[in-house]
Structures are given as C-alpha cells and as structure tokens.
Amino acid sequence: QFVETSLKEIADLIMGQSPDSQYVYDGLGHGIAFLQGNAEFGDAHPHPLYSCSQPARLCRKDDLLISVRAPVGEINLADTDYCIGRGLAAIRFRRIPPNLGLKLLAKFAPSLRTVAQGTTFEAIGKNELASLPVLLPPEQEWTTIGQILDTLDIQIRQTEALIAKLERIKQGLLTDLLTRGIDQNGQLRPTPDQAPHLYKDSPLGRIPKEWNESIVGNEFEIQLGKMLDSEKNVGELKPYLGNRAVQWEYIDLSEIGEIRLTPSDKDRFRLRAGDLLVCEGGEVGRAALWEEQVEECYYQKALHRLRPINTFRPELMLQLLRFWSQRDALANYTSQTSIAHLTKEKLAHVPLPVPPRTEQVAIINALNSHRNRTESEQNHLSALLSLKAGLMDDLLTGRVRVTPLLEKAQQRNA
C-alpha cells in the first residue's frame, strides 16, 4: 500500500552554504564546480558557471538538487559532485532510486511554494523541506513506475530536440528561400557564387534575374489603426487588436479588447482575411496575418494594416519581415524617440524584392510545409507532457496501480 510520509523519513538533506568569495572563480578549472542556485539549472542537469577551491558544502553525483530560494521547488539531478550555495539543497534518498526520487519530488515539491510565499523573502529552510509530505509507492512498484515515467521523459527530450533542430533548419531555409528562391524545376537556385549568371545587382543586393524590385508602398495599401481615446471615442463597442495581440506569426486572442467605433470607423478599420498586421512601435515590424480568427474585429493605431494592391502575397511579406527583423534590417527606417517607431511613410519606402507570382506560391508552400512539420511535433510534445502529468498523478498517488503491469511482466519472464 502507499504510505504517507515526509521527506526527512526517506532521504538525507544537505542544505547549501556559500563558500568564502575569495575561493570562488568564474569558469571551471579551479577545484570543484560551484552552483549558486537554480539559475544554473538545465533541463535535467546543472550547467555550472563557477568553480570553488575550498567548498563549504558538497552534494554527490545522483543527489537531487532543489531550489530553496525563489523560485522555490525547481529540481535538477546532480550528474557529478558539486559545491552548492545557499540557494540550493541536496536530497539523497536512502533506498529509493534517484529516477523515482526525481519523479516524487516533481509531484510533491510544488506545495513548497505555498509555504515559501508566507515568508518575507520567498525561501524555505531545512525544517520546511524536511516536512514535505510525500506519498510513497510500495517498493515492488518502484522499478516499474520509474521505467514508465523514464520512457516518457526520453520521448519528451527527443521531441524537444527535434523541435529545436527544426527551428534551426527554418532559419537557414528562410534565408535560402528569400534570397535564392525556387526555380522552374521546384529546386532552390544555386548560390550567386555557384551560378552568378542567374542573379542581378539591385539595391537589395544580388537577387534572381526573374525577380523585380519594388517598395512596400507600391505593393500594399498601408493604413494605421484607430486612435485609442476613451473620452473622444463614441459609437458601438467592438473588438479590436492592439500591439500586444500581434505576435510573430500568430494573433494572441487573449489580448483582444473593446473600442467604441462610429459607422465610418467601422468601414475604415475593419479587418478582413489576408490583412497583414505590423507593429509600428515596440518590437518594430513584428507581424501576423489576420485570418478571421473572430468574425468581426478592428485594430488600433499602434498597428499598420498592409492590404495587397498588386500580386505580392501577404504571407510572403510576413516572412520577409521576420527575415529582416532577425538581421535588424529595418533599423534605417525606424524613427528613434523614447521608443522605436516605424512610420507609415518610412515603411512605404522599404525596398522589396518581388518574385513572380508562381514562385511566391512555391516559396510560401515550402515554408508552410516546414511549419506544419514543426507544429505537428509541438502538438506531439504537448500530448506527451499532458500524458506525463496524468500518469504522474495516477501512478504516484495510487489512483492507477502498476500491479497488473508487474503481473504481466512476471508472466512473460516465467
């Protein structure tokens, strides 16, 4: 049966202690690696930044490290011996395997934050840590519970690594597609160094010969949104988007507000599918497409609305803005006051490379294909995290028992 116990009954606790500063060094190589607090925690193991020649308090390999100062309750597994500072404690389970101990802490340590919030500074001491309530599974289930949750952790880490790889690939893909484009055979053109005859000089640098040169104002109607003024605005209350609602490549619907609009305001500022919204201030150029996420919506003056007037696709314009933002390419078009601003006049004069319409579609399709793959993996990761949370709640509280799994395993091994 599951046993209600406390951390002090099943583990030894080692509270961190700050060493004398004269023995602490930037970087590694001076004695033992030193961890000041959870700022040096990684996804699973710490990433030390300092070393110490005369440590005051040590943890051992496979000890669990827990933050005892804000944010209280963060956890890592020691992959080697460390000197630990006052912001950490080491937990050394007496018989419980470290992998299961890590899961138990992840399940029950969050309650420490409630205790910590009642103190002057968000922190806990040894007594609060020692008193942490823990529900301990029967010993014969330890191995199976640990294996089940470890298997999920491996899948989660692999999926996170794949998503990170896809994000890195996207940066290179974006550069290639927006500077080299896609030829008639559906392939990336060779680079200008490899095939200089395929490119021409332009104010934008070397671009494919098939591409034209334009400016944003010749390809899009640019319209700033409605000025927010609670005293002057009259009319019917309607939903609107402000600067914070427009994030890179998506609309944050939780940031939709309300504004009073007259009939003429509604004609002028109503959004329609395919409008590209661009931040005028703050993170200048941050942009997202309006795809009728809600039935009727408007937007405020902190945003430019770009509406195509020729053949330039707004989806491609969005990717160009992302590309330029990563290279700070809009800096010369930004007015610098107390905060940066991208005025309508300056945005209109930003040079624009214009691939043929069919090539624009091919570029967008290539980027969408990559985005769909990334979103699929992100959805898979969300499902894994949800499954892990549910399993931890079930297996570590006894709501679902692993006894049937153990019996099946024993039958297979018989």
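Here the structure is a predicted model, which means the values were calculated and not measured. (Residues numbered from 1 in each chain as written. Predicted model: local features only at pLDDT ≥ 70, side-chain atom pairs only at ≥ 80, totals over all residues. Heavy atoms only, no water.)

### Remarks on the overall build of the chain
Per the secondary structure count, the chain includes eleven helices and 26 strands. Radius of gyration (C-alpha) of the chain: 29 Å, far over the 22 Å computed for a compact globule of 414 residues. By its C-alpha atoms, the chain is 75 × 60 × 60 Å across when sized along the principal axes. Burial statistics for the chain: of 414 residues in total, 43% are counted as buried. Expressed as a percentage of contacts within the chain between residues at least 6 apart in sequence, the contacts between residues at least 24 apart total 72%. Summed over its atoms, the accessible surface of the chain is roughly 21,600 Å², and 48% of this surface lies on carbon and sulfur atoms. A distance of 0 Å separates the average location of the 48 positive side-chain charges in the chain from that of its 53 negative side-chain charges. (Helix = DSSP H or I, 4+ residues; strand = E, 2+ residues; numbered from the N terminus. Rg over C-alpha atoms; globule rule 2.2 N^0.38 Å. Buried < 20%, exposed > 50% of the residue type's maximum accessible area, 1.4 Å probe, protein only. Contact = heavy atoms within 4.5 Å. Areas by Shrake-Rupley, 256 points an atom, 1.4 Å probe, with all protein chains shown as cover. Lys, Arg positive; Asp, Glu negative; His and termini not counted. Charge placed at Lys NZ, Arg CZ, Asp CG, Glu CD.)

### Quick notes on the sheet that holds strand β19 (residues 257-261)
Read across the open sheet, the three strands follow the order β19-β16-β22; overall the sheet is mixed. The open sheet is flanked by β19 and β22 (298-299), the only strands paired with a single partner. Relative to β19, strand β16 (residues 236-241) runs antiparallel, the two sharing five bridges. Its bridge partner being in β19, Lys238 is matched across the sheet by Ile259. (Pairing = 2+ DSSP bridges.)

### Describing unusual backbone geometry
For the bond from Ala70 to Pro71, the omega torsion is -10°, close enough to zero to count as cis. Positive phi, close to 55°, is recorded for Glu292, a residue that is not glycine. Within the secondary structure, Glu292 sits in the loop between β21 (287-289) and β22. For Asp328, which is not glycine, the phi dihedral falls at a positive 55°.

### Things to note about the pattern of salt bridges
Counting across every chain of the model gives 29 salt bridges. Among the salt bridges present, the one from Arg113 reaches Glu74, with a minimum N-O distance of 3.7 Å. Within this pair, whereas Arg113 is found in helix α3 (residues 111-116), its partner Glu74 is found in the loop between β7 (64-67) and β8 (75-77), the two being separated by 39 residues in sequence. When its relative accessible area of 32% is taken as the criterion, Arg113 is described as partly exposed. Where Glu255 meets Arg244, a salt bridge forms, and the shortest distance between an N and an O atom there is 3.7 Å. Taken as a pair, Glu255 in the loop between β18 (250-251) and β19 and Arg244 in the loop between β16 and β17 (246-247) lie far apart in primary sequence, eleven residues in all. A relative accessible area of 29% places Glu255 in the partly exposed class. (Salt bridge = Lys/Arg side-chain N within 4 Å of Asp/Glu carboxyl O.)

### Quick notes on the packing of aromatic side chains
Summed over the entire model, instances satisfying the criterion amount to two aromatic pairs. Ring plane angle 65° and centroid distance 5.8 Å describe the contact between Phe220 and Phe312, whose orientation is recorded as edge-to-face. Of this pair, Phe220 sits in strand β15 (residues 220-224) while Phe312 sits in the loop between β23 (303-308) and α8 (314-326), and the two are 92 residues apart along the sequence. In terms of burial, Phe220 and Phe312 fall into one category: buried. Pairing Phe269 with Tyr299 gives two aromatic rings, centres 6.0 Å apart and planes at 80°, and the pair type is edge-to-face. Taken together, the positions of Phe269 in helix α7 (residues 263-269) and Tyr299 in strand β22 put the pair 30 residues apart, joining distant regions of the chain. Each member of the pair, Phe269 as well as Tyr299, is classed as buried. (Phe/Tyr/Trp six-rings, centres within 6.5 Å; stacked < 30°, edge-to-face > 60°.)

### Description of the packing of helix α5 (residues 142-179) against helix α10 (residues 357-395)
When two helices pack together, their arrangement is given by the angle between their axes and by how far apart the axes lie. Where α5 meets α10, the closest approach of the two axes is 9 Å, and the angle between their N-to-C directions is 165°. For the element pair α5 / α10, the angle class is roughly antiparallel. Crossing handedness for the pair α5 and α10: left-handed. Residue composition of the contact of α5 with α10, by class: 23 nonpolar, six polar and seven charged. (Axes fitted to C-alpha atoms, helices over the stretch in contact; angles between N-to-C directions. Parallel < 35°, antiparallel > 145°, perpendicular 65-115°, else oblique. Left-handed = near helix turned anticlockwise from the far one by under 90°. Nonpolar A, V, L, I, M, F, W, Y, C, P; charged D, E, K, R; others polar.)

### Focus on the packing of α5 against α8
Where α5 meets α8, the axes come as close as 11 Å, and the angle between the chain directions of the two elements is 115°. By the angle between their axes, α5 is roughly perpendicular relative to α8. Crossing of α5 against α8: the hand is left-handed. Contacts from Lys170, Gln171, Leu174, Thr175, Leu178 and Thr179 in α5 reach Leu316, Gln319, Leu320, Arg322, Phe323 and Gln326 in α8.

### Notes on the environment of Ala287
Of note, Ala287 is situated in strand β21. Those residues within four positions of Ala287 in sequence are excluded, and the remaining contacts are Val246, Gln247, Trp248, Glu249, Leu276, Leu277, Val278, Leu318 and Leu321.

### Some details on the sheet that holds strand β2 (residues 11-15)
Read from one edge of the open sheet, four strands run β2-β10-β7-β8, paired in antiparallel fashion. Among the strands making up the open sheet, the edge pair consists of β2 and β8. The sheet shows a mean angle of 25° between the axes of neighbouring strands, taken without regard to direction. Bridge count between β2 and strand β10 (residues 88-93): five bridges; the pairing is antiparallel. Pairing of Ala11 across the sheet is with Phe93, part of β10.

### Brief notes about the side chain of Arg189
Tracing the backbone shows Arg189 in the loop between α5 and β12 (199-200). The buried category is assigned to Arg189, whose relative accessible area is 5%. Setting aside chain neighbours within four positions, we find Arg189 in contact with Arg180, Gly181, Ile182, Asp183, Tyr199, Pro208, Glu210, Trp211 and Glu359.

### With respect to the nonpolar core
If you look at the biggest cluster of nonpolar residues, it comprises 37 residues, and the most contacted ones within it are Leu7, Ile91, Phe93 and Leu129. When residues no more than four places from it in sequence are discounted, the contact partners of Leu7 are Leu13, Ile91, Phe93, Leu105, Leu129, Ala130, Leu132 and Val134. (Core = buried A, V, L, I, M, F, W, Y, C linked by side-chain atoms within 4.5 Å.)

Scope: geometric values only; no functional claims are made or implied.
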